[in-house]
Amino acid sequence: MSIRIGIMGYGNLGRGVECAVKHNPDLELAAVFTRRDPETVKILTETAKVCHVDEAEKMKDEIDVLIICGGSATDLPVQTPKYAQWFNVVDSFDTHARIPEHFENVDKAAKESGHVGIISVGWDPGMFSLNRMYANAILTNGKDYTFWGKGVSQGHSDAIRRIDGVKDGKQYTIPVEAALESVRNGENPELTTRQKHTRECFVVAEEGADLARIEQEIKTMPNYFADYDTTVHFISEEELKRDHSGIPHGGFVIRTGSTGWDNENKHVIEYSLKLDSNPEFTSSVIVAYARAAYRMSQEGQKGCKTVFDVAPAYLSAMDGAELRKHLL
Ligand code: NDP
């Protein structure tokens, strides 16, 4: 029997999970829940239903794992502990500083109800966290580096759009090639924020807007752009739509370190991602962890977990014997 998946919230991630479920034959989509009028939310899977969130509790016996696809800022801190009362849950909570607090809330709810909740699944946090952890455990004598990009930062794009005279805009975070090279060469550089990443902005201005002022406001915006070398390009609405409508992202996790009695041998561990679609990749990671949540729950485990707590074999659709034969 397939593992029955529910999707809570149908945005970029919700749609990505739906696609990922399609490509995993051991999973099936049972229902999508939304806070909007279900009639207005059109999904792709003909066999699944769209329901209002208020109906979720009633369907607790029809769903094995509920994937919570709300936004990290305000949705997930409420939704994940709430639905852990009735379901095994997985989310992609990515506000790094608040993960310990989110863990405690989900852990309490999941332990009380006897479910498994896996939080902060995706690529960062998620696959990047795992790779940082493996590299740290292996090369205890070393230094960590994470670079992001090239990719769209939603937060920085929103910040540009809030400037007076800006109609629309997209921001790309780009790693500095020289910094990457220096790290890969094992030079262990101390890098400032400015030395690690640049920011490139594509802006559609309103007619007659003062372009010099907009550019100045972007480049000097504290927390977002002031600490980076930022380039601003003014383009037309058509160009933005044609060339910048995707949601690519990616990055590099690198740890350099040394071994030997006098640390005479150097090593570089590198994990890199180049993603055409950030939400679709994130959703593919989440779906593998949904399989793990189901299996762990079947074994009687309960409480909150992160990617650190899930053994790799739980993620794969293959069983132990197949894994040992094909992938070991
Ligand atoms: P969206 O803004 O696309 O969706 C968030 C929620 O907004 C949905 O669940 C949906 O809820 C609602 N919504 C979506 N579209 C509409 C609409 N047209 N009108 C009204 N409401 C809408 O966010 P994403 O799916 O792109 O991302 C979700 C979170 O995932 C992000 O906040 C981010 O923090 C996290 N993330 C984590 C990553 C990681 O590596 N860990 C990577 C990428 C993202 P409803 O259906 O109930 O209305």
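- Taking an unreviewed UniProt entry as the reference, the protein is identified by name as Meso-diaminopimelate D-dehydrogenase belonging to Blautia caecimuris.
- Under the UniProt heading Subunit (unreviewed entry), the entry covering the protein gives this text: "Homodimer."
- UniProt annotates the protein under Catalytic activity (unreviewed entry) with the comment "meso-2,6-diaminopimelate + NADP(+) + H2O = (S)-2-amino-6-oxoheptanedioate + NH4(+) + NADPH + H(+)".

**So, the overall build of the protein**
Then step 1. Broken down by element type, the protein carries eleven helices and 14 strands.
Then step 2. Taking 328 residues into account, the globule formula puts the C-alpha radius of gyration at 20 Å, and the protein, at 22 Å, falls close to it.
Then step 3. Taken along its principal axes, the extent of the C-alpha atoms in the protein is 65 × 60 × 35 Å.
Then step 4. Burial status across the protein gives 48% buried among its 328 residues.
Then step 5. Long-range pairs, those at least 24 residues apart, make up 68% of the contacts in the protein between residues at least 6 apart in sequence.
Then step 6. Total accessible area on the protein is roughly 16700 Å²; 49% of this is exposed by carbon and sulfur atoms.
Then step 7. Charged side chains in the protein number 37 positive and 49 negative. The centres of these two groups are separated by 3 Å.

**Digging into the environment of Gln171**
Then step 1. By secondary structure assignment, the location of Gln171 is in strand E9 (residues 166–175).
Then step 2. The exposure class assigned to Gln171 is buried, which follows from its relative accessible area of 0%.
Then step 3. The sequence separation of Gln171 and Phe202 amounts to 31 residues, and the corresponding C-alpha distance is 6.4 Å.
Then step 4. Engagement of the side chain of Gln171 in a polar contact is seen with the side chain of Arg199, the distance being 3.0 Å.

**Thoughts on the site of the ligand**
Then step 1. Taken together, 21 residues lie around the ligand, and Leu13, Thr34, Arg36, Ser72 and Asp94 are the ones closest in.
Then step 2. Here Thr34 contributes a side-chain N or O atom positioned 2.7 Å from an oxygen atom of the ligand.
Then step 3. At 3.0 Å from an oxygen atom of the ligand is found a main-chain nitrogen or oxygen belonging to Asp124.
Then step 4. Protein burial of the ligand: of its 920 Å² of free accessible surface, 71% is covered by the chains.
Then step 5. When residues of the shell around the ligand are traced back to their parent elements, those giving at least two are helix H1 (12–22) and helix H10 (278–298).
Then step 6. In terms of residue class, the shell around the ligand is made up of six nonpolar, eleven polar and four charged.

Rules used throughout
- Residues numbered from 1 in each chain as written.
- Predicted model: local features only at pLDDT ≥ 70, side-chain atom pairs only at ≥ 80, totals over all residues.
- Heavy atoms only, no water.
- UniProt positions renumbered as here; feature names shortened; annotations may be inferred.
- Helix = DSSP H or I, 4+ residues; strand = E, 2+ residues; numbered from the N terminus.
- Rg over C-alpha atoms; globule rule 2.2 N^0.38 Å.
- Buried < 20%, exposed > 50% of the residue type's maximum accessible area, 1.4 Å probe, protein only.
- Contact = heavy atoms within 4.5 Å.
- Areas by Shrake-Rupley, 256 points an atom, 1.4 Å probe, with all protein chains shown as cover.
- Lys, Arg positive; Asp, Glu negative; His and termini not counted.
- Charge placed at Lys NZ, Arg CZ, Asp CG, Glu CD.
- Polar contact = N/O pair within 3.5 Å; in protein donor to acceptor, adjacent residues only side chain to side chain.
- Near = heavy atom within 4 Å.
- Nonpolar A, V, L, I, M, F, W, Y, C, P; charged D, E, K, R; others polar.

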